[in-house]
Amino acid sequence: DEQMILQFQITLYGDDERLVMARDITRLHRLEQMRRDFVANVSHELRTPLTVLSGYLETYSGMADQLPGRMSRGIEQMRGQTTRMQNLVNDLLLLSRLEIDQGGQDDAPLELASMMDNIRRDAEALSSGSQHFEVIIDEARRLVGSEKEIHSALSNLVFNAVRYAGEDRHIRLRWASHADGACLEVADDGEGIDPHHIPRLTERFYRVDKGRSTATGGTGLGLAIVKHVLLRHQAWLEIDSHPGAGATFRCVFPRERLASAESEAPAALT
Ligand code: ADP
């Protein structure tokens, strides 16, 4: 009943010689599976106690005027940290769910224009008011994917732009065509990222500036989530950035992920 998992590596020499190597990765695979299940279970189990904690803290915070100053400041601190822990646990749970199953169950043609508009509205609420947002639709075909997952990937990218680009910047969301299909792009004209960090940005908990990211409220899992969502859509992430020249995060979807344009052509094309 035990399944064995083998990894093959085939090397070609000249026209007709091949070297085939097989490696037994059964144990490795099982360990990896245990790690995922463990993270998923722990995150799940932590949710209830955190909900109880934040419920009480919410109540006490509403009674601030009846409490000594030091105590109510402490309660505010606890509330902030509890929210941070809840965000972290939710992101961990989301990430391990993305890793555990293959996805594709709720794929459908998406209304990207309204999704992008909603995310822009949420981002405006989060931003200090000095940032300018723009939503552009340059591609008539619809993306076929999971609404929940694409929404969470796109909002991670947009909220990162809000957090890291800085004051008085422009943030642009765009659905456009691309040589390989189409792309969903989030660009800002903020501080940018040093190129040597770029290959590691999608690793769990990798941050360019650890102190700063913790203060901005990120969990360190945002881009890892984006990467896994894209993997499930046969898509990939391209990151273009230079210090002082802003950052562009481009989710590239292959042609197979595009539904044909709707029968009624958009006004701009008629
Ligand atoms: P975090 O929770 O730290 O935001 P992410 O995985 O979402 O975690 O992002 C990883 C790191 O990438 C961030 O800590 C930040 O240093 C960098 N980063 C992400 N988006 C941008 C951006 N638009 N501009 C500059 N740096 C960014």
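It should be emphasised that the depicted structure is a prediction, and the values quoted were computed from it without experimental measurement. (Residues numbered from 1 in each chain as written. Predicted model: local features only at pLDDT ≥ 70, side-chain atom pairs only at ≥ 80, totals over all residues. Heavy atoms only, no water.)

### Some thoughts on the site of the ligand
Item 1. Around the ligand, the structure places 18 residues, and the nearest of them are Asn160, Tyr164, Asp188, Gly220 and Leu223.
Item 2. Within the side chain of Tyr164, a nitrogen or oxygen atom sits 2.6 Å from an oxygen atom of the ligand.
Item 3. Backbone polar atom of Val208 to an oxygen atom of the ligand: 3.4 Å apart, as the coordinates give it.
Item 4. Within the complex, 97% of the 540 Å² of free accessible area of the ligand lies under protein.
Item 5. Looking at the shell around the ligand, the elements that each hand over two or more residues are helix H4 (147-165) and helix H6 (222-232).
Item 6. Top element by residues in the shell around the ligand is H4. It accounts for 4 residues.
Item 7. Its residues assigned to classes, the shell around the ligand comprises 8 nonpolar, 7 polar and 3 charged. (Near = heavy atom within 4 Å. Polar contact = N/O pair within 3.5 Å; in protein donor to acceptor, adjacent residues only side chain to side chain. Areas by Shrake-Rupley, 256 points an atom, 1.4 Å probe, with all protein chains shown as cover. Helix = DSSP H or I, 4+ residues; strand = E, 2+ residues; numbered from the N terminus. Nonpolar A, V, L, I, M, F, W, Y, C, P; charged D, E, K, R; others polar.)

### Things to note about helix H2 (residues 69-100)
Item 1. Helix length check: H2, at 32 residues, gives a terminal C-alpha distance of 47 Å against a target of 46 Å (1.5 Å per residue), a fit within 8%.
Item 2. Close packing links the buried residues of H2 with helix H1 (26-61), H4 and H6. (Expected span 1.5 Å × (residues − 1). Contact = heavy atoms within 4.5 Å.)

### As for the sheet that holds strand S6 (residues 170-178)
Item 1. The 5 strands are arranged S4-S6-S7-S9-S8 in an open sheet whose pairing can be described as mixed. The sheet terminates laterally at strand S4 (132-137) and strand S8 (236-241), the two strands that pair on one side only. Averaged over all pairs of adjacent strands, the angle between strand axes in this sheet comes to 15°, irrespective of strand direction.
Item 2. Taken together, the 6 bridges between S8 and strand S9 (residues 247-254) define a ladder with antiparallel strand orientation. (Pairing = 2+ DSSP bridges. Axes fitted to C-alpha atoms, helices over the stretch in contact; angles between N-to-C directions.)

### Description of the nonpolar core
Item 1. One finds Leu112, Ile150, Trp175, Leu184 and Phe253 to be the most contacted residues of the largest nonpolar core, which totals 42 residues.
Item 2. Looking at this core, the elements with two or more residues in it are H2, helix H3 (112-126), H4, S6, strand S7 (181-188), H6, S8 and S9.
Item 3. Aside from chain neighbours lying at most four places away, what touches Phe253 is Leu143, Ile150, Trp175, Asp180, Gly181, Ala182, Leu184, Leu230, His233 and Ala235. (Core = buried A, V, L, I, M, F, W, Y, C linked by side-chain atoms within 4.5 Å. Buried < 20%, exposed > 50% of the residue type's maximum accessible area, 1.4 Å probe, protein only.)

### Brief notes about a nonpolar patch on the surface
Item 1. There is a patch of nonpolar side chains on the surface, built from Met4, Leu6, Phe8, Ile10, Leu12 and Val20 and spanning about 650 Å² of accessible area.
Item 2. A per-element tally of the nonpolar patch places strand S1 (residues 6-13) first, with 4 residues.
Item 3. Along the chain, Val20 falls in strand S2 (residues 17-24). (Patch = residues over 30% accessible without salt bridge, like charges linked within 9 Å, V, L, I, M, F, W, Y side chains within 5 Å. Salt bridge = Lys/Arg side-chain N within 4 Å of Asp/Glu carboxyl O.)

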